[in-house]
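So the chains spell out like this:
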Amino acid sequence: MELQQVIEFYKNRGQTSELYSMLFNEQKKAVYLNGLTGSASALFIAGYFNQFTSPILVLLGDREEAAYFQNDLENLLGEKRVLLF
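(A) Here's a closer look at the overall build of the protein. Across its full length, the protein holds four helices and zero strands. Counting from the amino terminus, helix and strand elements in the protein follow one another as α-α-α-α. Here the protein has a C-alpha radius of gyration of 13 Å; the compact-globule value for 85 residues is 12 Å, and the two agree. Referenced to the eigenvectors of the C-alpha coordinate spread, the extents of the protein come out at roughly 30 × 30 × 25 Å. Taken over 85 residues, the protein has a buried fraction of 26%.

(B) Representation of the nonpolar core. Judged by nonpolar contacts, the single largest core of 16 residues is most densely connected at Phe44, Leu73 and Leu76. Secondary structure elements with two or more residues in this core: helix H2 (14–25), helix H3 (40–48) and helix H4 (63–77). Counting residues per element, this core draws most heavily on H3, at six residues. Sequence-distant contacts of Leu73, that is, excluding residues within four places in its chain, are made with Ala42, Ile45, Ala46, Gly78 and Val82.

(C) Local environment of the environment of Gln70. If you trace the backbone, Gln70 turns up in helix H4. Expressed as a C-alpha distance, the spacing of Gln70 and Val58, which sit twelve residues apart in the sequence, is 9.8 Å. Gln70 has contacts with Val82 and Leu84, leaving out every residue within four places of it along the chain.

What counts and how
Residues numbered from 1 in each chain as written. Predicted model: local features only at pLDDT ≥ 70, side-chain atom pairs only at ≥ 80, totals over all residues. Heavy atoms only, no water. Helix = DSSP H or I, 4+ residues; strand = E, 2+ residues; numbered from the N terminus. Rg over C-alpha atoms; globule rule 2.2 N^0.38 Å. Buried < 20%, exposed > 50% of the residue type's maximum accessible area, 1.4 Å probe, protein only. Core = buried A, V, L, I, M, F, W, Y, C linked by side-chain atoms within 4.5 Å. Contact = heavy atoms within 4.5 Å.

Set out below in structure tokens:
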């Protein structure tokens, strides 16, 4: 299975579609995702990345967690599209 197929598969899951609808139809500007394991949150961001018109800010618990998340997103989206502060 190709990487883009994995992203599309995850993007089309019921919970992912529901969360996306909440973000864009109810004008929520902040969402707290809890209980996701592995790269699930990075897959969510990658699935909808091209549809966001504003920058996306992700806050994580510490620098190590942020570095792993950055690495996941860079592998999914490309190095030039992800920044770590």
